[in-house]
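# Examining the three-dimensional arrangement
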There are 2 protein chains.
Amino acid sequence: MSNTHEVDVIIIGAGLSGLSAALKLAKQKLSFVVLEARDRPGGRIESLRAEANIPIDIGAQWISGKHLRLKKLVSQFGLHTVSTFKKGKNIYDLNGKLVKSKQPPIPFISLMDTLQFTRQLNKISKQINNNAPWEFGEALHYDKVSIEHLLQTKMYTRDGRKYFSLLLEENLCSHLYEVSALDVLWCIATAGSIQAIQSSESYHIKEGVGTLIQRIAEDLKDNIYYDCPVYSISDHENFANVHVKNFCWKANKVIVALPPNLQAKIDFNPPLPASRAQLLERAGLPSVTKIMIVYQRPFWRKQGLSGISYSDIGPIKLTMDTSPQDEKRGVLSVIVSGQSARRLENLPYDRRRNEVIKCLIRFYGEEAAYPLEYFEKNWSEEQWTRGGYGFHFPPGIITNYNSTLLKSVGSLHWAGSETATEWRLYMEGAVQSGERAAKEVIKRLER
Amino acid sequence: MSNTHEVDVIIIGAGLSGLSAALKLAKQKLSFVVLEARDRPGGRIESLRAEANIPIDIGAQWISGKHLRLKKLVSQFGLHTVSTFKKGKNIYDLNGKLVKSKQPPIPFISLMDTLQFTRQLNKISKQINNNAPWEFGEALHYDKVSIEHLLQTKMYTRDGRKYFSLLLEENLCSHLYEVSALDVLWCIATAGSIQAIQSSESYHIKEGVGTLIQRIAEDLKDNIYYDCPVYSISDHENFANVHVKNFCWKANKVIVALPPNLQAKIDFNPPLPASRAQLLERAGLPSVTKIMIVYQRPFWRKQGLSGISYSDIGPIKLTMDTSPQDEKRGVLSVIVSGQSARRLENLPYDRRRNEVIKCLIRFYGEEAAYPLEYFEKNWSEEQWTRGGYGFHFPPGIITNYNSTLLKSVGSLHWAGSETATEWRLYMEGAVQSGERAAKEVIKRLER
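Since this is a predicted model, take the numbers as computed values, not measurements. (Residues numbered from 1 in each chain as written. Chains lettered and ligands numbered in written order. Predicted model: local features only at pLDDT ≥ 70, side-chain atom pairs only at ≥ 80, totals over all residues. Heavy atoms only, no water.)

### Things to note about the packing of aromatic side chains
Taken as a whole and assessed by the stated rule, the structure comprises 30 aromatic pairs over all chains. Between the aromatic rings of tyrosine 295 of chain A and phenylalanine 299 of chain A, the centroid separation amounts to 5.1 Å while the plane-to-plane angle is 90°, which identifies the pairing as edge-to-face. Phenylalanine 299 of chain A shares its class with tyrosine 295 of chain A; the two are buried. Seen from their ring centres, tyrosine 92 of chain B and tyrosine 310 of chain B are 5.6 Å apart, and the 20° between their planes marks the pair as stacked. Residue tyrosine 92 of chain B is found in strand β7 (residues 89–94), and its partner tyrosine 310 of chain B is found in strand β16 (residues 305–311); the two are separated by 218 residues along the sequence. (Phe/Tyr/Trp six-rings, centres within 6.5 Å; stacked < 30°, edge-to-face > 60°. Buried < 20%, exposed > 50% of the residue type's maximum accessible area, 1.4 Å probe, protein only. Helix = DSSP H or I, 4+ residues; strand = E, 2+ residues; numbered from the N terminus.)

Quick look at the structure:
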């Protein structure tokens, strides 16, 4: 028992959501610790450094103008946002044709079709209660089918469907037939509209989003313990014991700010209620590899290209220009996701890199063959994450199991971007969910 | 290191599949242990005793005439099978009407419809490679949609669909929109045909299936360790260390005979390959509660009833008569599954029991109100199982992830009824998968 230490609150996980909860608790007269399995904070957020001290966001990166909590954190910690470069033509690699164009290269009627479908989705999503998407009248109707099915039945043009699928697949990191239509509607509801989601890549943090994490973690450094995976939690209703290797923490309240798939690995005593346990066992993150490529200059800009590309054959699904504002170097953010990510991860490094570079040459010409630096991170291989960006549920899960997602169990409260009721699955959602969980806990402790 | 013990093979899990692997290994000159988390063998198989020494199979129960491996075990261990009582009329509680009839009370044309659909499913399933259902030409086509979608598009009559859904939902313990059409086709393929599946409830074991488990476990008693949940496995390619509380087992090969959702809880070092880890994180068992009710006599038989009932409103989905042959007592096996099981588990015991009895009174009259004994087991609440009967995957999972289901990783081999290539998800499949994994291991060790 000498190996037990007591605090008011234990936060498990030093991702953005756990850290946001911690920042809230730090303002109270409450003692707390943050236990983190990795040797670093940030979870799915991580920044590396290229030469010339250029920040490389190898995980989450983009921010919308509407991410008010995140923007507040950015300025509070003395950092700066920069607009994502979007001037010039995009690359559309669609239907076997590669087109450079400002507008998606599909017939006007198909563009209208995407517009009417966008409107329909927005309208339906307005009926959703962000706290309980399983409740609205047609919830089951939309949870029974995949978003692909909705697309097939509510869009009228082939090109419209193809284009919309392209955008959506990049967002979900999954095939559209894998994801419940209700899941997508829920995400739209928590962001406000599809237009809001489309503008979610408007900014990134000049110093790298990892710098934000570092500064927050620095502020909390006396409270954070790294290399501390949690093996088991014994919940005694009024307090809980949280076991890490050779040590035990005791607290009145616990905020679990881990992704559901990792929560499922913890040995809970008593075992979790059946429905919550079954929910966790159905939560896997999609496959995604992020690649950051540094060139001498953002050479595509000279060609009148924005650096944005979409492809339906890949292996690259999306590229974006995230070069430093002074154009000292050219940086491309590259996303490989879903089936392509799983195929590529089984290739040796050289062949994988080769395929990616070949694809970039196809998009941007011969100059793409000569990067200065090449960073890659397969988030599916990360033991303490196992994928990205966020959790999307297959048909049936939300209406059958997700009502247990937010409900506290004994001393245990839940955070994490998938529990967000605003900007679900985004960094903004991570902050919101962490703050919400902290508020829950503070309220309970005040009683 | 004094706390390490070495054997040739470690089997994790003393369910039917782990025990079957163990029986195979016992015939070789190989040392082995079976590590089991519970204090009993059997996993999803368990038998209790009612008064008058009547066996009560509170988990898996039924056998088909085609379950050759299982029947061999039954006679090898001196036990006996009895035919399931099926004489008389069934209860069909369908479309708000309760009908007592030998045949399903649907129009002839709808019966023909179910027949043509059965034929279609059988025909498609013939194309499936039982080892790799994701490989056949139309695999993706059928994995993209739920079995409900297939039913909606390939059946022509409302009543036919309703009746077929009823049978299928009982089998899957899930809503039809939750399960991939390919998953169902795969199950049909490994059983041989839908007709084979329909005859899978032909027999049960006179002494209780738990007695079979006990006798096998008794045979292996020096090798089985109970209360031994495995926390982590360190795989060194040529050997592995398997850690249980305060102890470590070392072996050349490990057979993991746990359900995937429990495999996901183990800390693997090195971490599992991305795709396998992601597969495990997508595998949850459906909700099912089995209730066994003992009456003074099988009174329904006097009414000319078989004791078999199907209901689309429930809460009982299925009942079957499993009384002892001498009719000394009447025993009804009752299945509550899916959404009903999840609803009922949140009620207090008395109300839950009340609902079940009320439903039985509706089926079999006032006499059903007076059971001698009432046993229930909610398999979703069992920490070391979390549901039943078997794993059914939502759309997209099989073609995207399941290719890693059978593939050994380093020293680790996989067993369990979900890896069976014959009678997948049945007890017969558990035996087949255990024997297959044992053969794999024996072959590798012989080299």
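Having seen it, we continue.
### Considering the interface of chain B and chain A
Opposite the 41 residues of chain B that make contact, chain A presents 41 residues. Both faces combined, the contact of chain B with chain A buries some 3,300 Å², and carbon together with sulfur accounts for 41% of it. For the chain B face of the interface with chain A, the top three residues by lost area are Tyr177, Glu281 and Arg386 of chain B, together amounting to 21%. There are four salt bridges connecting chain B and chain A. With a closest N to O distance of 3.6 Å, lysine 144 of chain B and glutamate 148 of chain A form a salt bridge. Across the chain B-chain A interface, the total number found is 34 residue pairs in polar contact (both at pLDDT 80 or more). Where the side of chain B that touches chain A is concerned, the elements lending two or more residues are α5 (147–154), β14 (267–269), α11 (274–280), α12 (338–345) and α14 (397–401) of chain B. For the side of chain B that touches chain A, the element with the most residues is α11 of chain B, which contributes four residues. Each residue belonging to the side of chain B that touches chain A can be placed in one class, and the counts come to 16 nonpolar, 14 polar and eleven charged. (Contact = heavy atoms within 4.5 Å. Buried area = accessible area lost by both parts, 1.4 Å probe. Salt bridge = Lys/Arg side-chain N within 4 Å of Asp/Glu carboxyl O. Polar contact = N/O pair within 3.5 Å; in protein donor to acceptor, adjacent residues only side chain to side chain. Nonpolar A, V, L, I, M, F, W, Y, C, P; charged D, E, K, R; others polar.)

### A short note on helix α12 (residues 338–345) of chain A
With respect to burial, α12 of chain A is a largely interior element, six of its eight residues being buried. Listing the buried residues of α12 of chain A in full gives Gly338, Ser340, Ala341, Arg342, Leu344 and Glu345 of chain A. Buried residues in α12 of chain A make contact with β15 (288–295), β18 (330–337), α13 (349–364) and β19 (373–378) of chain A together with α11 and α14 of chain B.

### Considering the pattern of salt bridges
Residues and elements named next belong to chain A. Counted by the stated rule, this structure contains 40 salt bridges over all chains. Salt-bridge contacts for glutamate 46 lead to lysine 377; the nearest nitrogen and oxygen are separated by 2.7 Å. Linking glutamate 46 in the loop between β2 (32–35) and β3 (47–50) with lysine 377 in strand β19, this pair joins segments that are 331 residues apart in sequence. In this structure lysine 377 comes out as buried when scored by relative accessible area, which is 16%. Residues joined in a network through salt bridges with shared partners are Arg38, Arg40, Glu46, Lys377 and Glu382.

### So, the sheet that holds strand β7 (residues 89–94) of chain A
Residues and elements named next belong to chain A. Read across the sheet, seven strands follow the order β8-β7-β16-β17-β18-β15-β19 without closing on themselves; strand pairing throughout is mixed. The sheet terminates laterally at β8 (97–101) and β19, the two strands that pair on one side only. On average, each strand axis in the sheet is inclined to that of its neighbour by 15°, with strand direction left out of account. Strand contacts of α12: β15, β18 and β19, with the helix running at about 95° to β18, the strand carrying the most contacts. Across the sheet, α13 is in contact with β7, β8, β15, β16 (305–311), β17 (318–321), β18 and β19; its angle to β16 comes to roughly 120°. (Pairing = 2+ DSSP bridges. Axes fitted to C-alpha atoms, helices over the stretch in contact; angles between N-to-C directions.)

### Some words on a nonpolar patch on the surface
On the surface, a nonpolar cluster with roughly 310 Å² of combined accessible area is contributed by Phe108, Met112 and Leu115 of chain A. Turning to its location among the elements, phenylalanine 108 of chain A is positioned in helix α3 (residues 108–125). (Patch = residues over 30% accessible without salt bridge, like charges linked within 9 Å, V, L, I, M, F, W, Y side chains within 5 Å. Areas by Shrake-Rupley, 256 points an atom, 1.4 Å probe, with all protein chains shown as cover.)

### Examining the UniProt feature "domain: Amine oxidase" (unreviewed entry) in chain A
Those residues carrying the UniProt feature "domain: Amine oxidase" (unreviewed entry) are residues 16–442 of chain A in this numbering. With 35% helix and 22% strand, residues 16–442 of chain A has end C-alpha atoms that lie 19 Å from one another. (UniProt positions renumbered as here; feature names shortened; annotations may be inferred.)

### Looking at the UniProt feature "binding site: FAD" (unreviewed entry) in chain A
Residues and elements named next belong to chain A. In this structure's numbering, the residues bearing the UniProt feature "binding site: FAD" (unreviewed entry) are Ser17, Glu36, Ala37, Val230 and Glu418. Turning to its location among the elements, valine 230 is positioned in strand β11 (residues 230–235). On the accessibility criterion, valine 230 (14% relative accessible area) is buried. With respect to the secondary-structure elements, glutamate 418 resides in the loop between β20 (412–414) and α15 (427–446). Residue class for glutamate 418 comes out buried when judged on its relative accessible area of 2%. Filtering out sequence-adjacent residues up to four positions away, glutamate 418 remains in contact with Arg44, Trp186, Leu258, Pro259, Pro260, Gln263, Phe391, Leu405, Arg424 and Leu425.

### Notes on the packing of helix α3 (residues 108–125) of chain B against helix α6 (residues 158–172) of chain B
All names here are of chain B. Interhelical geometry of α3 versus α6 gives an angle of 55° and a closest axis separation of 8 Å. Taken together, the axes of α3 and α6 are oblique relative to one another. Handedness of the α3/α6 crossing: right-handed. Across from Ser110, Asp113, Thr114, Phe117, Thr118 and Leu121 in α3, the residues of α6 making contact are Asp159, Gly160, Tyr163 and Phe164. (Parallel < 35°, antiparallel > 145°, perpendicular 65-115°, else oblique. Left-handed = near helix turned anticlockwise from the far one by under 90°.)

### Structural notes on the relation of the copies chain B and chain A
When chain B is fitted to chain A, the best match, at an RMSD of 0.0 Å, comes from turning it 180° and sliding it 0.0 Å along the axis. Taken together, the rotation and translation describe the operation of a two-fold axis. Identified as the residue of chain B closest to the rotation axis by C-alpha distance is lysine 265 of chain B, at 2.1 Å. Of the residues that chain B buries at the interface, 100% are likewise interface residues in chain A, meaning the two copies contact each other through the same surface. (Least-squares fit on C-alpha atoms with pLDDT ≥ 70 in both.)

### What to know about α13 of chain A
Since the α-helix packs 3.6 residues into each turn, any two residues three or four apart lie on the same face. Here α13 of chain A is 16 residues long and its end C-alpha atoms lie 22 Å apart, about the 22 Å a rise of 1.5 Å per residue gives. Just downstream of α13 of chain A, glycine 365 of chain A is the residue with a positive phi angle, here 90°. (Expected span 1.5 Å × (residues − 1).)

### Comments concerning the domain arrangement of chain A
Residues and elements named next belong to chain A. On domain assignment, one finds that chain A holds domain 1 (4–43 + 210–272 + 409–445) and domain 2 (108–192). A straight line from the C-alpha centre of domain 1 to that of domain 2 covers 33 Å. Each partner contributes to the roughly 630 Å² buried at the junction of domain 1 and domain 2, and carbon and sulfur atoms together form 53% of this total. Considering only the surface of domain 1 that becomes buried against domain 2, Thr421, Trp423 and Arg424 emerge as the three largest contributors, covering 78% of it. If you look at where domain 1 meets domain 2, you find one salt bridge. Of the charged contacts, one joins aspartate 183 and arginine 424 as a salt bridge, the two residues approaching to 4.0 Å between their closest N and O atoms. By residue class, the composition of the side of domain 1 that touches domain 2 is four nonpolar, one polar and three charged. (Domains from an automatic or database assignment.)

### So, the environment of arginine 386 of chain A
All names here are of chain A. Turning to its location among the elements, arginine 386 is positioned in the loop between β19 and α14 (397–401). For arginine 386, a relative accessible area of 4% gives the class buried. Counting along the chain gives 342 residues from arginine 386 to arginine 44, while the straight-line C-alpha distance between them is 9.6 Å.

### Brief notes about the sheet that holds strand β5 (residues 62–63) of chain B
Residue and element names in this part refer to chain B. Spatially, β5-β9-β6 is the arrangement adopted by the three strands of the open sheet, whose pairing is antiparallel. Both edges of this open sheet fall to β5 and β6 (81–83), since each of them pairs with a single strand only. Pairing of β5 with strand β9 (residues 203–205) involves two bridges; the strand directions are antiparallel. Within β9, the residue paired with tryptophan 62 across the bridge is histidine 204.

### Quick look at the environment of glutamate 446 of chain B
All names here are of chain B. You can see glutamate 446 is positioned in helix α15 (residues 427–446). Residue classification places glutamate 446 among the exposed residues on the basis of a relative accessible area of 60%. Separated by 127 residues in the primary sequence, glutamate 446 and threonine 319 have C-alpha atoms spaced 48 Å apart.

### Remarks on the state of the cysteines
Residues and elements named next belong to chain B. According to the stated counting rule, one finds zero disulfides over all chains in the structure shown. This cysteine, cysteine 228, is not joined by any disulfide, and cysteine 248 carries the nearest cysteine sulfur, 12 Å off. We classify cysteine 228 as buried; its relative accessible area is 14%. (Disulfide = S-S within 2.5 Å.)

### Topic: the packing of α3 of chain A against helix α7 (residues 181–191) of chain A
Residues and elements named next belong to chain A. With their axes 8 Å apart at the nearest point, α3 and α7 run at an angle of 80° to one another. By the angle class used here, α3 and α7 are roughly perpendicular. Contact residues: α3 offers Leu121, Asn122, Ile124 and Ser125, while α7 offers Leu185, Ile188 and Ala189. Residue composition of the contact of α3 with α7, by class: five nonpolar, two polar and no charged.

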